[in-house]
Amino acid sequence: MSATMTPAETPHTDLSATSDLGRFLVRRPAALIGLTLLVLQILAIIFAPVLSTHDPMQANALRSLQPPSWENWLGTDVSGMDIYSRIIYATRINLLISVTAVGAAFIVGVPIGLLVGYYRGWASNLTMRVFDFVQSFPVFVMGMALVSVMGQEIWNVAIALGVLFTPVFARLIRAETLSLRERSFIAAAKCSGATDIKILFRHILPNALSPAIVQISISIGMAILLTAGLSFIGAGVRMPTPEWGLMVSTGSQQMILGIWWVSFFPGLAIILSVLSFALIADAARDFIDPRRAR
Amino acid sequence: MGFSMTISDTWHRLPRPVRIVLARLPLLVPQMLGVIFVTFILVRLLPGDPVLLMLGNMATEESIATLREQLGLDGSIWSQFLVYFQNLIQGDLGVSMFTSNPVIKDLLERAPATLELITYAMILTLLIAVPTAIYATVRPKSIVDRASRVYGLAAGSLPDFWVALLLIFIFFTTFGIAVAPFGRIDPMLSAPEFVTGFYTLDALLAGDLQAFLSAGSRLLLPVITLAIVNSGALMKMTSSAFGEIWHSDFIQHQRASGVPERKIIRAALRNSLPPLITLTGFLFGFLLGAAVLVETIFSWGGLGQYAVMAVINSDYPALQGFVLVAAAFILIVYLIVDVLYEIVDPRIEV
Amino acid sequence: MSKKVLLETRDLSVAFGDKLALDRVNIALAENEVVGIVGETGAGKSLLARSLIGLLPPGAERTNGDVWSDGRALSTMSPAELRNLRGGVVSLIGTNAKALLDPVQPVGEQVATVLRSHRRLSHRAARQAAVKLFRQVGITDPESRATAYPHQLSGGMAQRIVIAMALVAGPKVVLADDATLGLDATIQVQVLDLLVERCRTEGLGTLIITHDLGIVSQYCDRVAIMKGGQIVEQNDVSAFLAGPQTSYGQELLKAAKVRPTLIKGDGDGDGETLPKVGDGTRTGPKSSPLLQIRDMVKHFRGRDGGVVKAVDEISIEIGRGETLALVGESGSGKTTAGQCIVRLLDINCGEIVFDGKEIGNLPASEFRAMRKRIQMVFQEPYVALNPRWRVEDLISEPLSLDETVRSAADRRSRVLEMLEAVRLPKTLAKVFPHELTAGEQKRVGMARALATRPDFVVFDEPTTALDIRVRAQIIDLIRTLQREMGLSALFITHDLNSVRSLAHRVAVMRYGKIVETGDTSTIFERPGHDYTRMLLDAELPIERVAEKDLMGAI
């Protein structure tokens, strides 16, 4: 029995995760762009007072609707507020709402998805039917109704979006759990005396999490778009709070008159922000999925 | 025993599509009840006295008492639901505080405008997304493939309201090519006689070419807006659905058997019909949500704009009615999607 | 000698980027000839098959030589000519027939489509031709089968449809790439018999690609051995079986024959035989059996609401130190029975008595204490290991059941002990499952099941999905472990080959029932039940041909 097998062809060297990521980013310029945009947003959140040139909520009737200039880099809106400074400050509001909503949805949705995926029974079925139902409503319509009923506060926007995104995560984790629970390594764990808790959190969860992690980034992008849309129609954040959708809205009447900068730049901010999360999600999917990463 | 045998015999003798419809239809009842319950709960979520909120500033002692009675607010939550349900069955969705019309009347008047917008947007979106996605899959690394990847990623990041404003700025304000972004038809023209509620169709039916052209040109910008924004996502989803089939073993095997490429593409298309039908159903949902924003910008006068007015004016009966109708609409779309899906997929047993 | 060569490769090399996948392959296929290509996973067999029809997978490129069909090189053919070649001149039959058929088209249409792709025929005529061919490939009621969708067919039936598809356009060459992989042995024999018979009748050239030397010895005239993209040896089958020219060929042949003699219960002490029942057991009286199963029943609810009796009142006894093989084809209920014993499934009726204690109806919480003594080795080597855990953690997981192993140091030393027991280097302790070969993964699965030093182990299909040589090594290892640890075992398998050298007794299972039980030697020499005989006949042992040739020589 000298036939100890030759080790696998790939050498068993431990590559640190960071160097893997580094090489991955070099091969994926799109991911690098996404990451750079994200870093810029984080800088804007932290250093808003330093980066801005004006008080974002200071109206100035004398400087209403000024085009971009040395004084107001991206121009001013109807009430003479500096658009550049408002865009910088709005990063805080928009990302705060979106990240909170998606984070809450993730924290609530993941355990629910694990439980309804692992345990069969009427409770699991009922939960899924309720989720089906919530998801069958158009998200924007539902968000609009929830926010307008709960009251147009920043936190209510976050709560409404959190409620709407929870089924997304629960469903993803459930789908993974359903297939994982039939895999024989779960049966093997049972034979090894693993308890349900251990099976759920040490065996299933680590293997089920990847798509949900990708989904976080996708959902944050969607949440930014929804927040902006809600503010745009007047269901959400109110003036003079700096918020991208609201800023587009304040310029929407002037656009038709040729005063483009009031709406144009905040919209651009939305696009870049959503794009950064979409690019990161796209790259994360390839990075996590071993079939595509190789 | 014998009885159940005959039932099952009769059942299996029915044509498959009929069986599918009959099996799926009863599901609609609990779903509808669910929708009704959710819209009912929605307004109960209001902090404070719903009657005061619903009547707003115009509340008088008398009107408060009347509405309170009308809504059955003095009873338990279940009896309140029952009252709400009964009113609903009779077509009573309450009275809009803003327009002072019965909500059901407002909604019915505005529904065709939204449906027309969504239908055309849907057709254009499908026409852009599906052929592009298929071409990109069949010819990987072609220009179309690369472009569709970039577009799929970028289009998902576009806020539809901003795109609409930009299109107005470029094509109306700057170049003056597009017609004014106000309403469905030139205010100088009278709307064609109501047949389908679609101005374009009704104008053609009435033989009114001028009205047709006007209605068509008014549709252009909002429809393009919706298509630009939504075709990216649809393109991505179609390529992944079609791609999965395109790379599956049986397609490979047909190629190895010398089946001509166009026949292989046709077989792959036939196979991707079920997922495409599902995607089209989702698209309806997206478009309905997006229409809310786009209608507002183009003063479209449809359900979406009505909903926005309801939100701004805290017109809760109107908002409640809109949510109900939107949800019912989506449920019916999903019903159709499910039925079509089962018809085109022989693997599903009925 | 004068037979006409239909298809050949001359110095064919194919590479993925810089990596050479086929290296100067020379092989020729003449009319009315059956050639076998044998090799292990990754030898390049499937790539060769695809090269032969000029349909390389994405990323692969022909770097040298060419494929010649009827005097023409494939690389000089136009796309239209190539399309005509595929299916019209050279047909390919792949693995897993169900996946090769279009799921939303009736199978009759699909076969007709292939025919119409090569012949100018009316739709009607093509369909009639397809139905006619269905009858010839042994499909009963071909008219109505032609309207069926693939999901309505069994695996064997689907394979026949694919064969019909390959033959319909009247090709000169048929390539069968692991065409019967995953089918039950009895079905495999039927399908191969049919395929080879049809090809011989029509005088086609047939290339059978497989990893099973049994198939080659049964059906082929010549054999080519592939390794690392090269053909290392090519010879007549009888000559090869009599004495391979290369060491690799010898190794393969030896591994395929690894079942030297029938096991007799009373081993006479030489290392090749099993220990005597009762030898080396650590616990309990020797008289009573370790495991007794009485009238065990397991039902499942079927999709149509009916009840499927997966295990239907079976009774088994396994003595201390004894190995019982539970043999049956897919769907016989053998795996379900094994899962019931380790309580992955709850039984509906009957009892399971382990070492004098009834365990079949114990509450799950009480059964947990028994898990230390009853373990299972799972079928698929990779899927049974959590991909996110290191080998070390995987092996030590069941140690939570063993109160004698508490400290981290104890666990560590037990893990190393187990690695040694299954002949794996200690360095693999820190490695993740995907970094292991299939054989290594299998060994880790065994180390894990044996970590608590159980008295009884269920081995579920321990040798499937492994290459020949690896399979031989695993069988060797199991035998060593049986001897060293005095295990009692239930061996669930469809592979009769492995049973001969591993089990004291055999129980044959079909449709949820045990049709025959007996000593291994009795079962193999004097099978009592028709089904057992059928299973034995379905085996494609290498000796049979060798013996036959020998007889002929005499």
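Residues numbered from 1 in each chain as written. Chains lettered and ligands numbered in written order. Predicted model: local features only at pLDDT ≥ 70, side-chain atom pairs only at ≥ 80, totals over all residues. Heavy atoms only, no water.

### A look at the overall build of chain B
Across its full length, chain B holds 15 helices and zero strands. If you line up chain B on its principal axes, its C-alpha atoms span 85 × 75 × 45 Å. When the accessible surface of chain B is split by element, carbon and sulfur atoms take 69% of a total near 16500 Å². Between the mean site of the 21 positive side-chain charges and the mean site of the 25 negative ones, chain B shows a separation of 17 Å. (Helix = DSSP H or I, 4+ residues; strand = E, 2+ residues; numbered from the N terminus. Areas by Shrake-Rupley, 256 points an atom, 1.4 Å probe, with all protein chains shown as cover. Lys, Arg positive; Asp, Glu negative; His and termini not counted. Charge placed at Lys NZ, Arg CZ, Asp CG, Glu CD.)

### A few points about the overall build of chain C
Scanning chain C from N- to C-terminus turns up 21 helices and 20 strands. For 554 residues, the compact-globule estimate of 2.2 N^0.38 gives 24 Å, and the C-alpha radius of gyration of chain C, at 26 Å, lies within 12% of that figure. For the C-alpha atoms alone, the extent of chain C along its principal axes is close to 75 × 55 × 50 Å. Split into buried and exposed, the 554 residues of chain C put 58% on the buried side. Partitioning the intrachain contacts of chain C with sequence separation of at least 6 by distance along the chain shows that 69% fall at a separation of at least 24. Element-wise, carbon and sulfur atoms account for 49% of the exposed surface of chain C, whose accessible area totals about 22700 Å². (Rg over C-alpha atoms; globule rule 2.2 N^0.38 Å. Buried < 20%, exposed > 50% of the residue type's maximum accessible area, 1.4 Å probe, protein only. Contact = heavy atoms within 4.5 Å.)

### Notes on the interface of chain C and chain B
Across the contact, 23 residues belong to chain C and 19 residues belong to chain B. With both chains or domains summed, chain C and chain B bury close to 1900 Å², and 60% of this area falls on carbon and sulfur atoms. Where chain C meets chain B, there are zero salt bridges. Applying the counting rule to chain C against chain B returns eight residue pairs in polar contact (both at pLDDT 80 or more). Among the secondary structure elements, those contributing two or more residues to the side of chain C that touches chain B are helix 2 (79-88), helix 3 (97-100), helix 4 (107-118) and helix 7 (155-167) of chain C. The element best represented in the side of chain C that touches chain B is helix 4 of chain C, accounting for five residues. For the side of chain C that touches chain B, the class distribution of residues is 12 nonpolar, five polar and six charged. (Buried area = accessible area lost by both parts, 1.4 Å probe. Salt bridge = Lys/Arg side-chain N within 4 Å of Asp/Glu carboxyl O. Polar contact = N/O pair within 3.5 Å; in protein donor to acceptor, adjacent residues only side chain to side chain. Nonpolar A, V, L, I, M, F, W, Y, C, P; charged D, E, K, R; others polar.)

### Considering the domain arrangement of chain B
Residues and elements named next belong to chain B. According to the domain assignment, chain B contains domain 1 (2-89) and domain 2 (103-344). The centre of domain 1, based on its C-alpha atoms, is set 29 Å off from the matching centre of domain 2. Buried surface at the junction of domain 1 and domain 2, both sides included, amounts to about 1700 Å², of which 78% is carbon and sulfur. Linking domain 1 to domain 2 there are one salt bridge. Residue Asp338 pairs with Arg24 through a salt bridge whose shortest N-O separation is 2.8 Å. The tally of links between domain 1 and domain 2 comes to four residue pairs in polar contact (both at pLDDT 80 or more). (Domains from an automatic or database assignment.)

### Overview of the packing of aromatic side chains
Within the structure shown, the criterion is met by 21 aromatic pairs over all chains. When the ring of Phe242 of chain B is compared with that of Trp246 of chain B, the centres are 5.9 Å apart and the planes differ by 15 degrees; the resulting orientation is stacked. Of this pair, Phe242 of chain B and Trp246 of chain B both sit in helix 11 (residues 209-246), separated by four residues, roughly a single helical turn. Its relative accessible area of 1% is what places Phe242 of chain B among the buried residues. Overall, Trp246 of chain B belongs to the buried group, its relative accessible area being 6%. Relative to Phe491 of chain C, the ring of Phe459 of chain C lies with its centre 5.8 Å away and its plane at 35 degrees, an arrangement referred to as tilted. Taken as a pair, Phe459 of chain C in strand 17 (residues 456-460) and Phe491 of chain C in strand 18 (residues 488-493) lie far apart in primary sequence, 32 residues in all. For the pair Phe459 of chain C and Phe491 of chain C, a shared accessibility class is recorded, and that class is buried. Here a set of aromatic residues connected by ring pairs shows up, and it is made of Phe37, Phe40, Trp78, Phe81, Tyr84 and Phe85 of chain B. The cationic tip of Arg184 of chain B hangs over the ring face of Tyr199 of chain B; the distance from NZ or CZ to the ring centre is 3.7 Å. (Phe/Tyr/Trp six-rings, centres within 6.5 Å; stacked < 30°, edge-to-face > 60°. Lys NZ or Arg CZ within 6 Å of the ring centre and 35° of its normal.)

### Section: the packing of helix 12 (residues 249-256) of chain B against helix 13 (residues 261-297) of chain B
All names here are of chain B. Contact geometry of helix 12 with helix 13 gives a least axis separation of 10 Å together with a crossing angle of 160 degrees. Taken as axis vectors, helix 12 and helix 13 run roughly antiparallel relative to one another. In this structure, the crossing between helix 12 and helix 13 has a hand that is right-handed. Where helix 12 abuts helix 13, its residues Phe250, Ile251, Gln254 and Arg255 lie against Glu261, Ile264, Ala267, Ala268 and Asn271. Of the residues assigned to the contact of helix 12 with helix 13, the class counts are five nonpolar, two polar and two charged. (Axes fitted to C-alpha atoms, helices over the stretch in contact; angles between N-to-C directions. Parallel < 35°, antiparallel > 145°, perpendicular 65-115°, else oblique. Left-handed = near helix turned anticlockwise from the far one by under 90°.)

### Description of empty space enclosed by the protein
All names here are of chain C. If you walk through the whole model with that rule in mind, you get six cavities of 30 Å³ or more. Of the pockets and cavities examined, the largest cavity occupies roughly 110 Å³. Along the walls of the largest cavity sit 15 residues, with Val377, Phe378, Ala384, Gly445 and Arg448 positioned nearest its centre. When residues of the lining of the largest cavity are assigned to their parent elements, the largest contribution, five residues, is made by helix 16 (residues 438-450). Class assignment of the residues belonging to the lining of the largest cavity gives a composition of nine nonpolar, three polar and three charged. (1 Å grid on protein atoms, 1.4 Å probe; cavity = no way out; pocket = protein on both sides within 12 Å on 5 of 7 lines; lining within 4 Å. Points joined across faces, edges and corners; volume = space filled by probe spheres on them.)

### Here's the deal with the UniProt feature "domain: ABC transporter" (unreviewed entry) in chain C
UniProt records the feature "domain: ABC transporter" (unreviewed entry) at residues 7-253 and 291-536 of chain C, using the numbering of this structure. For residues 7-253 of chain C, helix accounts for 42% and strand for 28%, while the C-alpha atoms at its two ends are 27 Å apart. (UniProt positions renumbered as here; feature names shortened; annotations may be inferred.)

### Regarding the pattern of salt bridges
Tallied over the entire structure, the rule returns 38 salt bridges over all chains. With a closest N to O distance of 3.4 Å, Asp282 of chain A and Arg285 of chain A form a salt bridge. With Asp282 of chain A and Arg285 of chain A both in helix 11 (residues 261-288), this residue pair falls three residues apart, about one helical turn. For Asp282 of chain A, a relative accessible area of 23% translates into the label partly exposed. Beyond isolated ion pairs, a larger network of salt bridges with shared partners links Lys105, Asp106, Glu109 and Arg110 of chain B.

### A closer look at the nonpolar core
Counting residues in each nonpolar core, the largest one holds 196 residues, and the members touching the most others are Met144, Phe165, Ile204 and Ile270 of chain A together with Phe161 and Phe322 of chain B. The element best represented in this core is helix 4 (residues 83-118) of chain A, accounting for 16 residues. Beyond its immediate chain neighbours, meaning those up to four positions away, Met144 of chain A contacts Leu230 and Ile233 of chain A together with Val292, Ala307, Val311, Leu319 and Phe322 of chain B. Core analysis: the second largest hydrophobic core is formed by 51 residues, Val405, Leu428, Ala489 and Val506 of chain C among them. (Core = buried A, V, L, I, M, F, W, Y, C linked by side-chain atoms within 4.5 Å.)

### So, the environment of Leu324 of chain B
Residue and element names in this part refer to chain B. Inspection of the secondary structure assignment puts Leu324 in helix 15 (residues 316-344). Taking C-alpha positions, Leu324 is 6.2 Å from Thr39, a pair spaced 285 residues apart along the chain. If we ignore the near neighbours within four places in the chain, the residues touching Leu324 are Val35, Ile36, Thr39, Leu88 and Leu93.

### Some words on the interface of chain B and chain A
Residue-level contacts link 43 residues of chain B with 39 residues of chain A. Between chain B and chain A, a total of about 3300 Å² is buried, with carbon and sulfur atoms accounting for 85% of that surface. Three residues stand out in chain B for area buried against chain A, namely Phe161, Trp162 and Leu165 of chain B, and they jointly supply 18% of the buried area on that side. Our count for the contact surface shared by chain B and chain A stands at four residue pairs in polar contact (both at pLDDT 80 or more). Those elements that provide at least two residues to the side of chain B that touches chain A are helix 3 (28-44), helix 8 (143-155), helix 9 (160-174), helix 13, helix 14 (303-312) and helix 15 of chain B. The element that contributes the greatest number of residues to the side of chain B that touches chain A is helix 15 of chain B, accounting for nine residues. Among the residues forming the side of chain B that touches chain A, the class breakdown is 36 nonpolar, seven polar and no charged.

### Notes on helix 13 of chain B
Along its 37 residues, helix 13 of chain B runs just 46 Å from first to last C-alpha, ending more than 12% under the 54 Å computed at 1.5 Å per residue. Its axis deflected by about 45 degrees at Leu273 of chain B, helix 13 of chain B carries its strongest bend there, up to four residues before the proline Pro274 of chain B. (Expected span 1.5 Å × (residues − 1). Bend = angle between axes of the 7 residues up to and from the residue.)

### Focus on the sheet that holds strand 15 (residues 357-358) of chain C
Residues and elements named next belong to chain C. Taking strand neighbours across the sheet as the criterion, the four strands line up as 12-11-14-15 in an open arrangement whose pairing is antiparallel. If you trace the sheet from one side to the other, it starts and ends with strand 12 (307-318) and strand 15, each paired once. As judged from the nine bridges shared by strand 11 (residues 291-301) and strand 12, these two strands associate in the antiparallel manner. When the sheet's bridge partners are listed, Val297 is paired in strand 12 with Asp312. In the packing of helix 12 (residues 334-341) onto the sheet, the strands contacted are strand 11, strand 12 and strand 14 (349-354), and the crossing angle to strand 11 comes to about 115 degrees. (Pairing = 2+ DSSP bridges.)

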